[in-house]
Amino acid sequence: PLADMGDAEDFTAREIDDQPAAAARLVDSLSERLAGGLLLRELGVPARTRLRLVACGSSSYAAHVTAAVLGSVARIPAHVVVASEPPPPVEDPDVLTVAFSQSGETADVLTALEHWTDPVLAVTNNPRSTLARRADSVLDLACGPERGVAATKSFTNQVLAGAALAVALAAALGRLSTEDVAGFEAQLRAAPEHMAATHRLAAPPADRLARDLADEPAFIYVSRGAGVPYALEGALKLKELAYRWVEALPAGELKHGPLALIQEGTPVIAVQARPHDRLAVNAREMTTRGARLITVGPGEDADLPVKAPAVEPPWGPLESVVALQHFARGLTRLLGYDVDRPRNLAKSVTVE
Ligand code: G6P
């Protein structure tokens, strides 16, 4: 497997690098099949009006992004079920279950599916997995093997697959005009370039920031609105790779408790989504209490600069996760930990 690494120093670096190409392959294969919900017909997915999204770990954050897009673009209510905590079954003939799992082998996801009888769409990177065989339809993430234990390119492709699914569903239900669908397709097609540009822009400052913050034992990650799942995903990278304690939450919740954690110098990573003003209010609450604010966003003065599209797509600041991945990897290497194989974790968790 070392031969597969190319010039990169670890699989995780290679997989972070590979994200724009993996995203472009996926988007190419999905766009032009969204109008009229063609994608759904090809996959054999019924156009249901309520969705249950099931996943664990990083995949569950991609499911949260998908739920938000389903709400805003398709006006389809969707809720995310953490697979290890499935709620009691309630029969509902209008529900479609979508299981997000990179490996397709996560035991909690497979067990959760035993609770319900509705049709299942698997969004997975392994079309030959147990999940894919169990599902009625399969949407292949097609991002190639992901060897680093921490999810990277599978997460970004899950977000884009989930967004495409939401647009296709909305189109199939007649809730979007042809022009609207074309507009979302154009936004999907632009996503890989924004990820690639962020990769170039954010990598050097992320490494500098890692050096700066190497001795910090604990972090807070916040965002608002569409940025929240990316703050949670970025925080998970830091926990699992760099073994740092991280509190990650919607910024509006700070004042209900976690604000008490802030002391002089506490690093707070703030992921900007539009509109910025609400996050700016929370940022002031933190800096007046001594927080060291680290901003992730499109402005020139951002600490971790990203290349964001002029109009934020309904899936929010996806490119921000690229900057956060760089930061987590940089800190991990600086601390001398194994980026690809963090302690206590497995790539695919086949026990409940
Ligand atoms: C493991 C991996 C995580 C992943 C989670 C869900 O814990 O280390 O990176 O997010 O499983 O995996 P799945 O294959 O179902 O997406």
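Everything below is about the structure printed above this text.
Quick caveat: nothing in here was measured; it's all calculated off a predicted structure. (Residues numbered from 1 in each chain as written. Predicted model: local features only at pLDDT ≥ 70, side-chain atom pairs only at ≥ 80, totals over all residues.)

## Digging into the overall build of the protein chain
A count of helical and extended segments in the protein chain gives 11 helices and 10 strands. A compact globule built from 352 residues should have a C-alpha radius of gyration of about 20 Å, and the protein chain, at 19 Å, falls within 12% of that. Structurally, the protein chain occupies a C-alpha span of about 55 × 45 × 40 Å along its principal axes. Taken over 352 residues, the protein chain has a buried fraction of 54%. Excluding contacts between residues fewer than 6 apart, the proportion of contacts in the protein chain whose partners are at least 24 apart in sequence is 74%. (Helix = DSSP H or I, 4+ residues; strand = E, 2+ residues; numbered from the N terminus. Rg over C-alpha atoms; globule rule 2.2 N^0.38 Å. Buried ≥ 20, exposed ≤ 12 C-beta atoms within 10 Å, placed from the backbone. Contact = placed C-beta atoms within 7 Å.)

## As for the site of the ligand
Near the ligand you find 16 residues, and of these G57, S101, Q102, S103 and T106 are the closest. Among the elements that make up the shell around the ligand, the one with the highest residue count is helix 4 (residues 57-74) (three residues). Its residues assigned to classes, the shell around the ligand comprises seven nonpolar, eight polar and one charged. (Near = placed C-beta within 6 Å. Nonpolar A, V, L, I, M, F, W, Y, C, P; charged D, E, K, R; others polar.)

## Some details on the environment of D338
Relative to the helices and strands, D338 is located in the segment after helix 11 (320-334). Under the C-beta neighbour-count criterion, D338 is labelled partly exposed, with 13 such atoms within 10 Å. Separated by 309 residues in sequence, D338 and S29 have C-alpha atoms that sit 34 Å apart.

## Let's talk about helix 10 (residues 277-287)
When helix 10 is considered as a whole, its buried residues turn out to be L279, N282, A283 and M286. When helix 10 is viewed along its axis, its buried side chains cluster within an angular range of 105° and face the same direction. Within helix 10, the exposed residues directed more than 90 degrees away from the buried face are D277, V281 and R284. Against the buried residues of helix 10 lie strand 6 (218-223), strand 8 (267-271) and strand 9 (292-297). (Arc of directions from axis to C-beta.)

## Observations concerning the pairing of strand 1 (residues 50-55)
Each regular strand displays side chains that alternate between the two surfaces of the sheet. With respect to burial, strand 1 is a largely interior element, five of its six residues being buried. Where strand 1 and strand 3 (residues 95-101) come together, five bridges link them in parallel fashion. If you follow L53 over to strand 3, its bridge partner there is V98. Where strand 1 meets strand 2 (residues 78-82), five bridges bridge the pair, whose relative direction is parallel. Of the residues in strand 2, the one forming a bridge with R52 is H79. This β-α-β element, strand 1 to helix 4 to strand 2, shows right-handed connectivity. (Pairing = 2+ DSSP bridges. Right-handed = clockwise from strand over helix to strand, strands pointing away.)

## Concerning the sheet that holds strand 1
An order of 2-1-3-4-5 is seen for the five strands of this open sheet, with the pairing classed as parallel. Pairing within the sheet leaves two strands with one partner each, and these edge strands are strand 2 and strand 5 (137-140). Each adjacent strand pair in this sheet contributes to an overall mean axis angle of 20°, direction not counted. Helix 4 contacts strand 1, strand 2 and strand 3 of the sheet and is inclined by roughly 170° relative to strand 2. Each of strand 3, strand 4 (120-124) and strand 5 touches helix 7 (residues 153-172); the most contacted strand, strand 4, lies at about 145° to it. (Axes fitted to C-alpha atoms, helices over the stretch in contact; angles between N-to-C directions.)

## Things to note about the sheet that holds strand 8
Adjacent strands of a sheet pair through backbone hydrogen bonds, lying either parallel or antiparallel. Overall, parallel pairing links the five strands, which are arranged 7-6-8-9-10 in an open sheet. Both edges of this open sheet fall to strand 7 (245-250) and strand 10 (304-305), since each of them pairs with a single strand only. Relative to strand 7, strand 6 is paired through six bridges, and the arrangement is parallel. If you follow V222 over to strand 7, its bridge partner there is L249.

## Side note on the packing of helix 2 (residues 19-30) against helix 8 (residues 178-212)
Axis angle and axis distance: for two packed helices, these are the angle between their axes and the distance between the axes, and together they describe the pair. Orientation of helix 2 relative to helix 8, taken along the N-to-C sense of each, is 175°, at an axis distance of 8 Å. With respect to helix 8, the element helix 2 is oriented roughly antiparallel. Counting all contacts with helix 2, which are made through Q19, P20, A23, A24 and V27, the residues of helix 8 involved are L188, R189, A191, P192, M195, A196 and H199. Residue composition of the contact of helix 2 with helix 8, by class: nine nonpolar, two polar and one charged. (Parallel < 35°, antiparallel > 145°, perpendicular 65-115°, else oblique.)

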